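Structural characterization, general
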Amino acid sequence: MAHGNVILSAMLDAPTIAAARKAIAAARAAGRTIGFVPTMGALHAGHVSLIDRCRADGCFTVVSIFVNPTQFGPNEDLSRYPRTWEADRAACDRAGVDVVFAPTAEEMYPPGEQTRVRPGRLADALCGPFRPGHFEGVCTVVAKLFNIVLPDVAYFGQKDAQQAVIIRRMVNDLAMPVRIVTCPLIRDADGLALSSRNALLTPADRAQALALYRALCTGRDALLRGETSVGRIIAAMRNAVVQNAGSAAIDYLSLVDPETLEPAALPCPRVLIAGAIRLGGVRLIDNLTVEIPSPTP
Ligand code: AMP
């Protein structure tokens, strides 16, 4: 199929910045809108939903696959993070991706590099205290990827709600000419949020993993019943985790404002309920946004 003077053909593998820039520049010159989906690979239906949205929006679709070392702490799971390049490549091809940019760590962080993008207060909430430096690594790599891809629009998942809010802030604060689209969180049939890290769970831990979603639902139901004590809601949520996952360690269960990530001041119209637990060394996050109808007079 011809689009302007670019012939749409097989997906291009771009292992270098130069190769990615060249292919994307040709599409841009042909008048295409450039859509970008940054990922760390081990692709699942959540990632594919972002790609589908990007394609449905009519974009020339660029996916990056890069396990970014600067967003992992020294005691985190960088070395055992799932890497499934062949399957990822095939999934991108099936989904109709135009360019897969899969650089090496040396390509992204050549010797001598030292510049970082440091987010502000938003990075102190939720996951921030448990993953020092994580969002600085995320902002740095996303800023660099944006400079390579120069997307018109970039797609992020609500699965990483805090990340999406921080990226929006960064794009505004640094006047980056990119539109950010946040896409819905995709779950497994039983409700577990899809995550590349789910592949690291033992069958026993997979069975307990649902405790986090159950806890979020407990919080949502309490809010919708009109409960206005944050303390009581969080106690009920903690209890739900303990009941359903005896061996889980809770990093946090929080009710925050979806935009500022400040603690929710109830009653209020919208609350982001977010949590992180650890099961056998695998860290899982999940969240729900709750719209609370105003009480009828
Ligand atoms: P990751 O590969 O984990 O860095 O994720 C890449 C992108 O996919 C991020 O924008 C994530 O928020 C998004 N994503 C990951 N899991 C899901 C999911 N279950 N539903 C929707 N988006 C997701």
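Please refer to the structure higher up on the page.
These lines cover the structure that appears in this document, whether it is placed above or below. In this numbering scheme, every chain counts its residues from 1 along its sequence in written order. In keeping with the model being predicted, local features are shown solely for residues with a pLDDT of at least 70 and side-chain atom pairs are shown and tallied solely at 80 or more, while totals for entire chains, interfaces and linings include all residues. Just so you know, side-chain values use all the structure's heavy atoms and leave hydrogens and water out.

Some details on the packing of aromatic side chains
Centres within 6.5 Å are what make two rings of Phe, Tyr or Trp a pair, Trp counting through its six-membered ring; a difference in plane orientation under 30 degrees is then read as stacked, over 60 as edge-to-face, and the rest as tilted. Summed over all chains, the structure comprises five aromatic pairs. When the ring of phenylalanine 146 is compared with that of phenylalanine 156, the centres are 6.4 Å apart and the planes differ by 75 degrees; the resulting orientation is edge-to-face. You can see phenylalanine 146 sitting in helix H5 (residues 134-149) and its partner phenylalanine 156 sitting in strand S7 (residues 153-157), a full ten residues away along the chain. Of the two residues examined, phenylalanine 146 and phenylalanine 156, each falls in the buried class. Among the aromatic residues, ring-to-ring pairing joins Phe36, Phe146 and Phe156 into one connected group. For the purposes of this entry, the term helix denotes a DSSP run of H or I that reaches at least four residues, the term strand denotes a run of E that reaches at least two, and both are numbered from the N terminus. Type-normalised accessible area, obtained with a 1.4 Å probe on protein chains alone, sets the label of each residue: buried when under 20%, exposed when over 50%, and partly exposed for intermediate values.

What about the site of the ligand?
Definition of nearness: a residue and a molecule or strand are near each other if at least one heavy atom of the residue lies within 4 Å of the molecule or strand. The local shell around the ligand holds 17 residues, among which His47, Gly157, Asp160, Ile186 and Leu194 are the closest. Polar contact criterion, stated in full: a pair of N or O atoms within 3.5 Å, where within protein one must be able to donate a hydrogen and the other to accept it, and residues adjacent in sequence count only if both atoms are side-chain atoms. A distance of 2.9 Å separates an oxygen atom of the ligand from a polar side-chain atom of histidine 47. Here leucine 194 contributes a backbone N or O atom positioned 2.9 Å from a nitrogen atom of the ligand. Accessible surface area values rest on a Shrake-Rupley calculation with a 1.4 Å probe, where residue burial reflects the displayed protein chains alone. The protein chains hide 93% of the 480 Å² of surface that the ligand would expose on its own. Contributing elements (two or more residues each) for the shell around the ligand: strand S4 (34-39), helix H2 (45-56) and S7. With three residues, H2 is the single largest residue contributor to the shell around the ligand. Classes in brief: Ala, Val, Leu, Ile, Met, Phe, Trp, Tyr, Cys and Pro nonpolar; Asp, Glu, Lys and Arg charged; the others, Gly included, polar. Tallied by class, residues from the shell around the ligand come to nine nonpolar, six polar and two charged.

Looking at helix H3 (residues 85-95)
Turn by turn, an α-helix covers 3.6 residues, leaving residues three or four places apart pointing in a common direction. All buried positions along H3 are accounted for by Asp88, Ala91, Cys92 and Ala95. Projected onto a plane normal to the axis of H3, the buried residues spread over an arc of 100 degrees and lie on a single side. Looking at H3, the residues exposed on the side facing more than 90 degrees away from the buried face are Glu86 and Arg94. Turning to H3, the residues buried within the fold contact H2, strand S5 (60-65) and strand S6 (99-101). Positive phi appears at glycine 96, one or two residues downstream of H3, with a value of about 85 degrees. The reported arc concerns the directions from the helix axis to the C-beta atoms and nothing else. In what follows, residue pairs with any heavy atoms lying within 4.5 Å of each other are defined as contacts.

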